Amino acid sequence: MTRHLKKVELHCHLEGAAPPSLTLAQARKYNIDIAAYLKDGAYVWHDFASFLQCYDKISEVYKTEEDYALLTETYLGELASVGTIYSELIVSPDHGKRIGLGADAYIAGVCEGIRRAEAANGIVARLIVTGERHFGPDSVVGAAEYAAKARNPLITGFNLAGEERMGRVADYARAFDIARDAGLGLTIHAGEVCGPFSVADALDVVRPSRIGHGVRAIEDEALVRRLAEQGTVLEVCPGSNIALKVFPDFAAHPLRRLKEAGVRVTISSDDPPFFHTSLEREYELAASAFGFTDSEIDELTRTGLEAAFVDEETRKVLL
Ligand code: ADE
Ligand code: ZN
């Protein structure tokens, strides 16, 4: 049991955390047919591409500022109930635009949800704006410009998610330049679906302090040494990696080997109901599947707080 342990999550996509029951209620409210994507209380997908499709489709049932406030408040409440003190939510203004809500109202709804959850449960949250690779480089630049200009104190980071096999990191360099110049923390999905080259590209082009996943770096010893030497923090999501068949099972998952090689690692749930997981389950797995002791798990949490995209004053209070 890890209920008693303080928890932190750095890598969770907001729409990816939508409980199927809430998504179903939303679909009914707006009379949207999502039967092909949500069946018997579970999201339907069979590989990485169909997972992304399902994600984009079910996002369409969250339509208003209040829908987003409710979704955010619901997920943060769930996190707080298992001892989570800090969460970074990956949000995509493009998803707000695609449903006709607009980026400002989308973010305003999410911020309202954060305020409600903090008032009710004390959980602190920040936002990482993401571009989606499969929406193309121009839309990713648009997301970076939005994050840079928003001057919203809750937006503290920039990310690149979506179809990792689409283009190379260099195609998205301008977006990261914009985000870096605006003082945002940088992280990027790499080494999840693609091999070590994508992690090396991310380090060379983006120079991020964190990498989303990064686990396939294990295929290249020199790259693992580089990550350890540079102190790059990996946002590792073991349940997601197994569900997406990045590794065949937990025994083959490199979380422990990366940590033992000196790489700074943290654990997160990515898109919990899609992958039949939760942050609590990821903490349980750290103990049961990876054999970490309570104090080693506390180290993962502490690394998360050290790497968090949050102001120093708040970090000190959380640490
Ligand atoms: N968007 C939501 N979840 C993702 C993942 N695991 N990888 C890339 N993009 C995503
Ligand atoms: Zn992710």
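Residues numbered from 1 in each chain as written. Chains lettered and ligands numbered in written order. Predicted model: local features only at pLDDT ≥ 70, side-chain atom pairs only at ≥ 80, totals over all residues.

Participant: Would you mind showing me how to read the UniProt feature "site: Important for catalytic activity" (unreviewed entry) in the protein chain here?
Facilitator: The feature "site: Important for catalytic activity" (unreviewed entry), as given by UniProt, occupies His213 in the numbering adopted here. Looking at the secondary structure, you find His213 in strand β8 (residues 210-213). With residues up to four places along the chain from it excluded, the contact list for His213 reads His189, Ala190, Gly191, Glu192, Glu235, Val236 and Cys237. (UniProt positions renumbered as here; feature names shortened; annotations may be inferred. Helix = DSSP H or I, 4+ residues; strand = E, 2+ residues; numbered from the N terminus. Contact = placed C-beta atoms within 7 Å.)

Participant: I keep staring at the confidence of the model for the protein chain and nothing clicks. Help me out?
Facilitator: Reading predicted coordinates in detail is not appropriate for stretches of low pLDDT. For the protein chain, per-residue confidence averages 97 on the pLDDT scale, and 100% of positions sit at 70 or higher. Interface scoring of the predicted complex returns ipTM 0.98; its pTM is 0.98. (pLDDT = per-residue confidence, 0-100.)

Participant: I keep staring at helix α9 (residues 221-230) and nothing clicks. Help me out?
Facilitator: In an α-helix, one turn spans 3.6 residues, which is why side chains three or four residues apart end up on the same side. Of all the positions in α9, only Leu223, Val224 and Leu227 are classed as buried. In an axial view of α9, the angular spread of the buried residues amounts to 105 degrees, which keeps them on one side of the axis. Those residues of α9 that are exposed and angled more than 90 degrees off the buried face are Glu221, Ala222 and Glu229. Against α8 (196-205) and α11 (255-260) lie the buried residues of α9. Following α9 by one or two positions, Gly231 adopts a phi angle in the positive range, close to 75 degrees. (Buried ≥ 20, exposed ≤ 12 C-beta atoms within 10 Å, placed from the backbone. Arc of directions from axis to C-beta.)

Participant: Is there a simple way to think about the site of ligand 1 in this case?
Facilitator: Taken together, His13, Gly16, Tyr55, Ala161, Gly162, His189, Glu192, Ser240, Asp270 and Asp271 make up all the residues around ligand 1. Classifying every residue of the shell around ligand 1 by side-chain character gives two nonpolar, five polar and three charged. (Near = placed C-beta within 6 Å. Nonpolar A, V, L, I, M, F, W, Y, C, P; charged D, E, K, R; others polar.)

Participant: How should I be thinking about the UniProt feature "active site" (unreviewed entry) in the protein chain in this particular structure?
Facilitator: In the numbering used here, UniProt assigns the feature "active site" (unreviewed entry) to Glu192. Relative to the assigned elements, Glu192 resides in the loop between β7 (185-190) and α8. Overall, the presence of 22 C-beta atoms within 10 Å leaves Glu192 in the buried class. Glu192 has contacts with Glu164, His213, Arg216 and Val246, leaving out every residue within four places of it along the chain.

Participant: Before we go on, may I ask you to explain the pairing of β8 in this structure?
Facilitator: Two faces belong to every sheet, and in a regular strand the side chains alternate between them. As paired strands, β7 and β8 are joined by four bridges and run parallel to one another. Counted as the bridge partner of Ala190 is His213 from β8. In this fold, β7 hands off to α8, which returns the chain to β8; that crossover is right-handed. As judged from the three bridges shared by β8 and strand β9 (residues 233-236), these two strands associate in the parallel manner. (Pairing = 2+ DSSP bridges. Right-handed = clockwise from strand over helix to strand, strands pointing away.)

Participant: Sorry if this is basic, but what is going on with unusual backbone geometry here?
Facilitator: Among all residues save glycine, negative phi is the norm, and among peptide bonds the norm is trans. Within the chain, Asn31 stands out as a residue other than glycine whose phi angle is a positive 55 degrees. Locating Asn31 in the fold gives a position in the loop between α1 (20-30) and β2 (38-39). For Asn31, a count of 6 C-beta atoms within 10 Å puts it in the exposed group. Phi at Arg207 is positive, roughly 50 degrees, even though this residue is not glycine. Relative to the assigned elements, Arg207 resides in the loop between α8 and β8. C-beta crowding within 10 Å serves as the criterion here: with 12 such atoms nearby, Arg207 is assigned to the exposed category.

Participant: Sorry, what's going on with the nonpolar core here?
Facilitator: Soluble globular proteins tend to pack their nonpolar side chains together in the buried interior. With 95 residues, the main nonpolar core has Ile58, Val110, Val129, Ala147, Phe158 and Ala179 as its most contacted residues. Setting aside chain neighbours within four positions, we find Ala179 in contact with Ala144, Ala147, Ala148, Phe158, Leu184 and Leu186. (Core = buried A, V, L, I, M, F, W, Y, C linked by C-beta atoms within 7 Å.)

Participant: Could you clarify how one ought to interpret the packing of helix α6 (residues 137-150) against helix α7 (residues 173-181) in this entry?
Facilitator: Describing two packed helices takes the angle between their axes plus the distance from one axis to the other. Contact pair α6 / α7: the axes reach a minimum separation of 8 Å and the direction vectors enclose 5 degrees. Here α6 is positioned roughly parallel relative to α7, judged by the angle of their axes. Contact residues: Val140, Val141, Ala143, Ala144, Glu145, Ala147 and Ala148 in α6; Arg174, Ala175, Ile178 and Ala179 in α7. (Axes fitted to C-alpha atoms, helices over the stretch in contact; angles between N-to-C directions. Parallel < 35°, antiparallel > 145°, perpendicular 65-115°, else oblique.)

Participant: I tried to follow the packing of helix α3 (residues 65-81) against helix α5 (residues 103-121) on my own but got confused; where do I start?
Facilitator: Two elements in contact, α3 and α5, have axes separated by 7 Å at closest approach and are oriented at 35 degrees. Between α3 and α5 lies a crossing whose hand is right-handed. Contacts from Glu65, Glu66, Asp67, Tyr68, Ala69, Leu70, Leu71, Thr72, Glu73, Leu76, Gly77 and Ala80 in α3 reach Ala105, Tyr106, Ala108, Gly109, Val110, Glu112, Gly113, Ile114, Arg116, Ala117, Ala120 and Asn121 in α5. (Left-handed = near helix turned anticlockwise from the far one by under 90°.)

Participant: What is the right way to look at the environment of His11 in this model?
Facilitator: The residue His11 is located in strand β1 (residues 7-13) in this model. Accessibility expressed as a C-beta count within 10 Å gives 29 for His11, which makes it buried.

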